[in-house]
Amino acid sequence: MPRFRLYPTPVQEQQMLLHCAHARYVWNLAVEQHTYWRPSRRSAPGFVEQCRQLTEARRESAWLAAGNADVQQQALKDFTTAKNARFTSGFGEPTWRRKHVHEGFRVIGTDRVPEFEPDGSAKLNAKGQQVMGRSVAVQRLNRRWARVKVPACGWVRFRLTRAELPAAKTFRVTFRNGQWHIAFAVVPKPIAPPTTGEVLGIDRGVTITAALSDGRKLNCPQLTVKERAQIRKHQRRAARAPKGSEAKAAEYARVARLKAREANRRKDWCEKTSTMLARTCQLVRFEKLNIKNMTRSAKGTVEQPGKNVRPKAGLNRCILAQGWGLLRQRTEQKAPGRVEDVPAPFTSLRCSACGWIEKKSRKSQAYFVCVSCGFTCNADENASINVAAGQGGIPRPRRTAGAGGVTTATSRSSAREPQPAWVGIRLF
Ligand SMILES: [Zn+2]
């Protein structure tokens, strides 16, 4: 999905915002139709029926009719795709789009190109005629700039940050935090594995974002101290501005822009790191983390308020700022079939040299000294070596003792860790 920064002129910008409004309106209508559905009622209209209704609606509404039919139809197409993928996409049911928040629209290319079968022969329809597909009109202006045709806007310039021009059937334009972007709908080919056969383990943490088993320590860039102070300053000013005032909105926009900068940095880091991993490693092993459970709020309920709510919220923010999930996801997409999950328990307590599992071995956040063999290492690096070896996934000791009895947890909990001999780890 090659994505570029788009630079429209002010006139083009107005037209594109109108496209966004039309797409949002049509999408929200589709959402409303589908929320009306109940098990006893007839099924909600599908894409074809919705397109027919759109034509009718365009006849009645001058505002809709003034817009581009392709843009409106593609909003319905997007809705259908989102609806069909609701169980697998991770986003669930498609929901409402809001002004200033979800600004964007999809455009289908206007150029016609002949389509081909996978074996290279021309694709023919039932009458034996050549099937023509759509293609986006893109032109290169020079080494750094290119332009794309957007309906009713003409040619819009974008910053070309890749060597070759993207060839796509459709593209999506988004407007977020005052910036326009264009993303061409192309699924890139997976990155070819290296021939060295290297297996790499990755331990993700808060202090070190990703500790690799070859000793490298990678850190996800965060906001600087100065930038964080700026965020606090603008939040303070926003809080003191009169309710509903323009100043308040402007201050919040500044906060949003700074936070977007952090997200951009994180994304950029994840993309570069996952490409590096896919290029240099045959097999990448991550420890299995349930980030959703790890970052659950400690707030509790009104009747049973939780403890340490603020520190936990801070930790959650730190965890989410590391981009753990994104790194794993993008590596998997770039190197399909070459990413494995290793169960996380005990990866940080197991000695990577002798296999002894002992809580006391981890002296502090950073130091690991094996109580059995004296092996000394950085704790995160030790964990990543365990992950690379696929070790650590040992079931917890059973709490139940025989006939329904429960053994009580004692303060000597480290003695209750599974002993290497009976969990099948070879001792030297
Ligand atoms: Zn050891």
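All of these numbers come straight from a predicted model, not from anything done at the bench.

Asker: Please explain the sheet that holds strand 14 (residues 339-343) as it appears in this structure.
Answerer: Note: strands within a sheet are paired through backbone hydrogen bonds, in either parallel or antiparallel orientation. One open sheet accounts for five strands, arranged 12-11-10-13-14; its pairing is mixed. Looking along the sheet, the strands with just one partner apiece sit at the ends: strand 12 (217-218) and strand 14. Here three bridges tie strand 10 (residues 199-204) to strand 11 (residues 210-212), and the two strands are oriented antiparallel to one another. By the bridge assignment for strand 11, Arg 204 is matched with Ala 210. The strands touched by helix 10 (residues 379-388) within the sheet are strand 10, strand 11, strand 13 (283-288) and strand 14, with strand 10 carrying the most contacts at an inclination of about 135°.

Asker: Sorry if this is basic, but what is going on with the UniProt feature "domain: Transposase putative helix-turn-helix" (unreviewed entry) in the protein here?
Answerer: Summarizing the sequence annotation, UniProt attributes the feature "domain: Transposase putative helix-turn-helix" (unreviewed entry) to residues 3-35 in the numbering used throughout. End C-alpha to end C-alpha, residues 3-35 measures 32 Å, and it is 79% helix and 15% strand.

Asker: What should I look at first to understand the domain arrangement of the protein in this one?
Answerer: Quoted interface sizes are often the accessible area lost when the parts come together. When the domains of the protein are assigned, the result is domain 1 (3-184), domain 2 (200-339) and domain 3 (345-415). Tallying the contact residues gives 13 residues for domain 2 and 10 residues for domain 3. The greatest single-element share of the side of domain 2 that touches domain 3, amounting to four residues, is contributed by strand 10. Here the side of domain 2 that touches domain 3 is composed, by residue class, of five nonpolar, five polar and three charged.

Asker: Quick question: what am I supposed to make of the packing of helix 2 (residues 47-60) against helix 4 (residues 69-84) here?
Answerer: A packed helix pair is summarised by two numbers, namely the angle formed by the two axes and the spacing between the axes. Viewed as axis vectors pointing N to C, helix 2 and helix 4 meet at an angle of 150°, and their least axial separation amounts to 10 Å. As far as their axial angle goes, helix 4 and helix 2 are roughly antiparallel. In this structure, helix 2 meets helix 4 at a crossing whose hand is right-handed. Contact residues: helix 2 offers Phe 47, Gln 50, Cys 51, Leu 54 and Arg 58, while helix 4 offers Ala 69, Gln 72, Gln 73, Leu 76, Lys 77 and Thr 80. A per-class count over the contact of helix 2 with helix 4 returns five nonpolar, four polar and two charged.

Asker: Would you take a moment to explain the nonpolar core for this structure?
Answerer: A general tendency of soluble globular proteins is for nonpolar side chains to be buried together. Ranked by size, the top nonpolar core spans 30 residues in total, and within it Ala 75, Phe 158 and Val 173 carry the most contacts. Every element with two or more residues in this core is listed here: strand 1 (3-7), helix 1 (10-36), helix 4, strand 2 (103-108), strand 6 (145-150), strand 7 (154-159), strand 8 (170-176) and strand 9 (179-184). Ranked by size, the runner-up nonpolar core spans 24 residues in total, among them Cys 270, Val 339, Val 342 and Phe 368.

Asker: What is the right way to look at the UniProt feature "domain: Cas12f1-like TNB" (unreviewed entry) in the protein in this model?
Answerer: Under the present numbering, the feature "domain: Cas12f1-like TNB" (unreviewed entry) in UniProt falls on residues 324-387. Measuring from the first to the last C-alpha atom of residues 324-387 gives 15 Å, for a span that is 31% helix and 17% strand.

Asker: What should I look at first to understand the packing of helix 6 (residues 246-280) against helix 9 (residues 324-334) in this one?
Answerer: Where helix 6 meets helix 9, the axes come as close as 9 Å, and the angle between the chain directions of the two elements is 45°. Between helix 6 and helix 9, the angle is such that the two are oblique. Regarding helix 6 and helix 9, the two cross each other, and that crossing is right-handed. In contact with Cys 270, Glu 271, Thr 273, Ser 274, Thr 275, Leu 277 and Ala 278 of helix 6, helix 9 contributes Leu 326, Leu 327, Arg 330, Thr 331 and Lys 334. Taken together, the residues of the contact of helix 6 with helix 9 break down into five nonpolar, four polar and three charged.

Asker: How should helix 4 be read in this particular structure?
Answerer: Residues three or four positions apart in an α-helix share a direction because the helix packs 3.6 residues into each turn. In this model helix 4 runs 23 Å from its N-terminal to its C-terminal C-alpha over 16 residues, within 8% of the 22 Å that 1.5 Å per residue would give. Buried residues in helix 4 make contact with helix 1, helix 2, helix 3 (62-66) and strand 2.

Here is what the cut-offs are and how they apply
- Throughout, residues of each chain are indexed from 1 in the direction in which the sequence is written.
- With pLDDT at 70 or above as the cut-off, local features in this predicted model cover only qualifying residues; side-chain atom pairs require 80 or more to be listed or tallied, and sums for whole chains, interfaces and linings still use all residues.
- For two strands to pair, DSSP has to find at least two bridges joining them.
- Numbering of helices and strands runs from the N terminus; a helix is a DSSP stretch of H or I covering at least four residues, while a strand is a stretch of E covering at least two.
- Note on contacts: each residue gets a C-beta atom placed from the backbone, and two residues are in contact if those atoms are within 7 Å.
- Comment: axis = line fitted to C-alpha atoms, over the contacting stretch for helices; angle = value between 0 and 180 degrees taken between N-to-C directions.
- UniProt positions are given in the numbering used here, feature names are shortened, and annotations may be inferred rather than shown by experiment.
- For the domain bounds, the source is a domain assignment made automatically or taken from a database.
- Residue type decides the class: Asp, Glu, Lys and Arg count as charged, Ala, Val, Leu, Ile, Met, Phe, Trp, Tyr, Cys and Pro as nonpolar, and the leftover types, Gly among them, as polar.
- Here is the rule for angles: anything less than 35 degrees is roughly parallel, anything more than 145 is roughly antiparallel, 65 through 115 is roughly perpendicular, and the remaining ranges are oblique.
- Less than a right angle of anticlockwise turn of the near helix away from the far helix marks a crossing as left-handed, whereas a clockwise turn marks it as right-handed.
- Linking buried Ala, Val, Leu, Ile, Met, Phe, Trp, Tyr and Cys residues through C-beta atoms within 7 Å yields a set, and such a set is a nonpolar core.
- The exposure label follows from counting other C-beta atoms within 10 Å of a residue's C-beta, where the C-beta atoms are placed from the backbone and the thresholds are 20 or more for buried and 12 or fewer for exposed, leaving partly exposed in between.
- Each residue after the first adds 1.5 Å to the expected span of a helix.

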